[in-house]
Amino acid sequence: MSIEDAAEQVADRLSESDSLRIYAHHDADGIASATIMCHALNRLGKKFHLTIKDRISSEYIKKDETTLLCDFGASLEDLSEDVMVIDHHVPHFNGEYHVNPRLSGIDGDKELSASGAAYITANFMGDNRDLSGLALLGIIGDRQNIAGKNQDIINEGIANQFIIPNRGLKLAGRNLKEQLYTALDPYLCGISGDEEKVNEILRISTKEDKCNYKTLLSNIILNTAENTNEIAMQSLWGDTYELERGVIHDAHSMSAVIEACGLSKRGGLGVALCLRMTHGVEEAWDITVKHRLKVISAIKNLQKNEESFPLFEVSNPQTASNVADSLAFDSLYDTPVFVIVDSGEKYSVSARCPAGVECDLSEFMRKIAEGTGGTGGGHKCRAGATFEKEGLSFFKKELKEAFC
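What counts as what
Residues numbered from 1 in each chain as written. Predicted model: local features only at pLDDT ≥ 70, side-chain atom pairs only at ≥ 80, totals over all residues. Heavy atoms only, no water. Core = buried A, V, L, I, M, F, W, Y, C linked by side-chain atoms within 4.5 Å. Buried < 20%, exposed > 50% of the residue type's maximum accessible area, 1.4 Å probe, protein only. Contact = heavy atoms within 4.5 Å. UniProt positions renumbered as here; feature names shortened; annotations may be inferred. Helix = DSSP H or I, 4+ residues; strand = E, 2+ residues; numbered from the N terminus. Phe/Tyr/Trp six-rings, centres within 6.5 Å; stacked < 30°, edge-to-face > 60°. Patch = residues over 30% accessible without salt bridge, like charges linked within 9 Å, V, L, I, M, F, W, Y side chains within 5 Å. Areas by Shrake-Rupley, 256 points an atom, 1.4 Å probe, with all protein chains shown as cover. Salt bridge = Lys/Arg side-chain N within 4 Å of Asp/Glu carboxyl O. Lys, Arg positive; Asp, Glu negative; His and termini not counted. Charge placed at Lys NZ, Arg CZ, Asp CG, Glu CD. Pairing = 2+ DSSP bridges. Axes fitted to C-alpha atoms, helices over the stretch in contact; angles between N-to-C directions.

Let's shift gears to the nonpolar core. Membership of the largest hydrophobic core comes to 58 residues, with the highest contact counts inside it found for Leu14, Ile36 and Met37. If we skip the residues at most four places from it in the chain, leucine 14 touches Leu20, Met37, Leu41, Lys46, Leu68, Met84, Thr121 and Met125. Listed in part, the 19 residues of the second largest apolar core include Ala351, Cys353, Met365 and Leu399.

Moving on, we come to the UniProt feature "domain: DHHA1" (unreviewed entry) in the protein chain. The sites that carry the UniProt feature "domain: DHHA1" (unreviewed entry) are, in the present numbering, residues 316-402. A helix fraction of 37% and a strand fraction of 28% characterise residues 316-402, whose end C-alpha atoms lie 27 Å from each other.

Relative to the helices and strands, isoleucine 154 resides in helix 5 (residues 148-159). Relative accessible area serves as the criterion here: at 1%, isoleucine 154 is assigned to the buried category. Taking the C-alpha atoms as reference, isoleucine 154 lies 30 Å from asparagine 94; in sequence the two are 60 residues apart. Not counting the four nearest positions on each side in its chain, isoleucine 154 is found in contact with Leu136, Ile139, Ile146, Ile163 and Tyr241.

Moving on to the packing of aromatic side chains. This model, assessed by the stated rule, comprises five aromatic pairs. Ring centres of phenylalanine 312 and tyrosine 333 lie 5.9 Å apart, and the angle between their planes is 70°; this geometry places the pair in the edge-to-face category. Of this pair, phenylalanine 312 sits in strand 11 (residues 311-314) while tyrosine 333 is found in the loop between helix 13 (320-330) and strand 12 (337-342), placing the two residues 21 residues apart along the sequence. Judged by relative accessible area, which is 4%, phenylalanine 312 ranks as buried. Ring geometry for tyrosine 347 and phenylalanine 387: centres 6.1 Å apart, planes at 45°, overall tilted. Of the two residues, tyrosine 347 sits in strand 13 (residues 346-352) while phenylalanine 387 sits in strand 15 (residues 382-388), which places them 40 residues apart along the sequence.

What follows covers a negative patch on the surface. A contiguous patch of negative charge on the surface is contributed by Asp5, Glu8, Asp12 and Glu16. Considering the arrangement of structural elements, one finds glutamate 8 in helix 1 (residues 3-16).

Moving on, we get to unusual backbone geometry. Residue aspartate 185 is joined to proline 186 through a cis peptide bond whose omega torsion reads 10°. Mapped onto the elements, proline 186 comes out in the loop between helix 6 (176-181) and helix 7 (195-205). Phi is positive for aspartate 71, close to 70°, though the residue is something other than glycine. For aspartate 71, a relative accessible area of 1% gives the class buried.

The next point concerns helix 4 (residues 132-141). By the criterion of burial, helix 4 is predominantly enclosed, with 10 of the 10 residues buried. What helix 4 keeps buried is the set Ser132, Gly133, Leu134, Ala135, Leu136, Leu137, Gly138, Ile139, Ile140 and Gly141. Looking one or two places after helix 4, you find arginine 143, whose phi comes out positive at around 55°.

To continue, consider the UniProt feature "domain: DDH" (unreviewed entry) in the protein chain. Following the UniProt record, one finds the feature "domain: DDH" (unreviewed entry) at residues 21-139. Between the end C-alpha atoms of residues 21-139 there is a gap of 24 Å, over a span that is 28% helix and 18% strand.

Either a parallel or an antiparallel arrangement is found when strands of a sheet pair, and the pairing is made through backbone hydrogen bonds. An order of 2-1-3-4-5 is seen for the five strands of this open sheet, with the pairing classed as parallel. The open sheet terminates on both sides in strands that have one partner only, identified here as strand 2 (47-53) and strand 5 (98-99). Sheet analysis places strand 1 (residues 19-25) next to strand 2, joined by seven bridges and oriented parallel. Residue pairing for strand 2: serine 19 is matched across the bridge by lysine 47. Where helix 2 (residues 28-43) meets the sheet, its contacts fall on strand 1, strand 2, strand 3 (67-70) and strand 4 (84-86), and the angle it forms with strand 1 comes to roughly 160°.

What follows is the structure, encoded as structure tokens:
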């Protein structure tokens, strides 16, 4: 079935429903995909109740509720078949109402996010092309390529002037100093979180209050090259996008803010911004700066496990995913990277494959988690798992056998 056929099928059921219970993942892609659907449902006069969560399981689904899951659910085999899922993770859900690029031969890692799948679905519910900017937030948040269906969505947004393309520094922030000081995409080793170094670089790169970007980029690269890979350094400058209807106009900044709100357990604030409510923008920026500085601090104070493979421990569950991203995508590792955190009653692990490393982390994390009585899955290069604390020794044993 094509992605359009699957989207139309889900759109028809949504349009026929009087009220919806929606659950969405707490990152930028999850929040963006859910709010795309909320916009579309609201325009049809439908009632809905949205909850942002870090994970989902079948126990949250009530039989008497028409339920839609956004950016998670695909990995669950025990979901009721009448649940609707809009996702891009490796599919194990066998229900009829499932919009997932992987089921249509599209690369869900690189060429269509959950927010993109939601955008396609929403446009079978009415003219919702103005939501293309929200789809872009998920593309950026999940570090996807501007290719395939993603490119089609962005092109449509540009053609209708909802997305305005440009070229520039691809760092989130309200000003240049904040962009460097809180840099995470990529993480600038030796610069991020170091106010003195940031001020020095800006002093060298600025004349008469005007930044010389060639000088700025040269200084960033000189300070980070020893600990940063080529792809990360090249990602500093490139295509940027202005969101014509976004409460934060820069798409990279908006994506970072939505992500930070979700990971800081303020998903409702992220939703409000995506619903174009302006009153919480400054509070959301404050949350974003605090969150990103926590991640930067976690990276700087990272404790490597005693094992020989790249297994690291962090103390704050809110930082684990971002730490794993930075270690794998911005640093110099040539094997999968694992970041583990004590989440209270359980352990959670974020796993990432650096560019050029071939490993199906989704299947690996799923199997290893099942062996500990937990759950796992995700993408080939970006996956996670959660398991009971007594499963830690088994988890480490499996990692050692696989990567040592």
